[in-house]
Amino acid sequence: MADVLIVIDMQNALSKMVNFDAVVAGINERIKIYRAERKAIFFVQTTDEEIPSDTKAFELTDKLDFNSQKDEFIVKTKPDAFYHTNLEAYLKTYNSRSIEICGGQTEYCVDTTIRVACHLDYKVEVSRGLTTTFDSDLLDAQTIIKHHESIWDGSFATMLPQTK
């Protein structure tokens, strides 16, 4: 188990990603495990012109088990959750060298953050099936997810078994 669970972009504006509710349910299971072990949980939220930070669209889905008093919240403006944010400072505060990443959007924010974390020498874990995205003009979401999981596996992250 990693030192910290990082949940990326599970926001109202992105709730149309494929299997969103199922992914949220799986993330909530991971959150329950991390809470039982008294480990840190970070929620990353994206903001831009389409998702202003003062809107309902920016807010985390209310289906997600977050605790505004205990969890850490990071706002980002780029796909990389480390870029011009306090994520790395928080990780240092918690003496974290390993992280588990989940959430959306698989091929953008999740992938970028995984690769940057790897390059920053964090041990990265990802539970299979706990990222999501949209269908694209070229590929359906499930193909995008499976493709990225295969790239991450052993190169950028340790893939954990799919949750039920």
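Located above this text is the structure these notes cover.
Per chain, residue numbering runs from 1 following the sequence as it is written. Thresholds applied to this predicted model are a pLDDT of at least 70 for local features of residues and 80 or more for the giving and counting of side-chain atom pairs; totals over whole chains, interfaces and linings are not thresholded and use all residues. Note: side-chain values were computed over all heavy atoms of the structure, leaving out hydrogens and water.

Q: What should I look at first to understand the packing of aromatic side chains in this one?
A: What characterises a pair of aromatic rings is the spacing of the ring centres plus the angle enclosed by the ring planes. Under the pairing criterion, centres of Phe, Tyr and Trp rings, with the six-membered ring standing for Trp, must be within 6.5 Å; the plane angle then separates stacked pairs below 30 degrees from edge-to-face pairs above 60, leaving the rest tilted. Inspection of every chain in the model, using the stated rule, returns 6 aromatic pairs. Summarising the aromatic geometry, the rings of Phe43 and Phe66 are spaced 6.0 Å apart at their centres and angled 70° between planes, so their arrangement reads as edge-to-face. Taken as a pair, Phe43 in strand β2 (residues 40–46) and Phe66 in the loop between β2 and β3 (72–76) lie far apart in primary sequence, 23 residues in all. Ring plane angle 20° and centroid distance 5.6 Å describe the contact between Phe43 and Phe73, whose orientation is recorded as stacked. Taken together, the positions of Phe43 in strand β2 and Phe73 in strand β3 put the pair 30 residues apart, joining distant regions of the chain. In textbook terms, an aromatic cluster arises when at least three aromatic residues are bridged by ring pairs, as seen for Phe42, Tyr90 and Tyr94. Two limits define a charge over a ring: the Lys NZ or Arg CZ must be within 6 Å of the ring centre, and within 35 degrees of the ring normal. In this structure, Arg97 is placed above the aromatic ring of Tyr122, and the distance from its NZ or CZ to the ring centre is 4.2 Å. Under the DSSP-based scheme used, a helix requires at least four consecutive residues in state H or I and a strand at least two consecutive residues in state E, with every element numbered from the N terminus.

Q: Got a minute to help me understand the pattern of salt bridges in this structure?
A: Side-chain pairs of opposite charge can arise where the charged atoms are in close proximity. Whenever Lys or Arg places a side-chain nitrogen within 4 Å of a carboxyl oxygen from Asp or Glu, that contact is recorded as a salt bridge. Inspection of the entire model under this criterion finds 11 salt bridges. The residue Glu149 makes a salt bridge to Arg128 at a minimum N-O spacing of 3.8 Å. Here Glu149 is found in helix α4 (residues 141–152), whereas its partner Arg128 is found in the loop between β5 (123–127) and β6 (131–132), with 21 residues between them in sequence. A residue is classified by how much of its surface remains accessible, and Glu149, at 8% relative accessible area, is buried. Each residue is placed in one exposure class: buried if its accessible area under a 1.4 Å probe, protein chains only, is under 20% of its type's maximum, exposed if it is over 50%, and partly exposed if it falls in between. On the accessibility criterion, Arg128 (26% relative accessible area) is partly exposed.

Q: Could you clarify how one ought to interpret the pairing of β5 in this entry?
A: Within a regular beta strand, the side chains point alternately toward one face of the sheet and then the other, so they alternate between its two faces. By the criterion of burial, β5 is predominantly enclosed, with 4 of the 5 residues buried. A pair of strands is considered paired only if DSSP assigns at least 2 bridges between the two. One ladder, built from 3 bridges, connects strand β4 (residues 98–104) with β5; its direction is parallel. In the strand pairing of β5, Glu100 is matched with Glu125. By convention a crossover is right-handed if, when the strands point away from the viewer, the path from the first strand over the helix to the second runs clockwise. For the handedness criterion, the β-α-β arrangement of β4, helix α3 (residues 106–119) and β5 is classed as right-handed. Pairing of β5 with strand β7 (residues 158–160) involves 3 bridges; the strand directions are parallel. Each bridged residue has a counterpart across the sheet, and for Glu125 the counterpart in β7 is Thr158.

Q: I keep staring at the packing of α3 against α4 and nothing clicks. Help me out?
A: If you want to describe how two helices pack, look at the angle between their axes and the distance between the axes. Two elements in contact, α3 and α4, have axes separated by 11 Å at closest approach and are oriented at 10°. On the basis of their axis angle, the class for α3 and α4 is roughly parallel. Contact with α3, carried on its side by Thr106, Glu107, Val110, Asp111, Ile114 and Arg115, involves Ile144, Ile145, His148, Ile151 and Trp152 of α4 and no other residues of that element. Here the residues of the contact of α3 with α4 sort into 6 nonpolar, 2 polar and 3 charged. What counts as an axis is a line fitted to C-alpha atoms, over the stretch in contact for a helix, and the angles between N-to-C directions run from 0 to 180 degrees. An angle below 35 degrees is read as roughly parallel, one above 145 as roughly antiparallel, one from 65 to 115 as roughly perpendicular, and any other as oblique. Any pair of residues with heavy atoms lying within 4.5 Å of one another is described as a contacting pair. Each residue gets one label: Ala, Val, Leu, Ile, Met, Phe, Trp, Tyr, Cys and Pro are nonpolar, Asp, Glu, Lys and Arg are charged, and the others, such as Gly, are polar.

Such coordinate-based values are descriptive only and should not be taken to indicate function.
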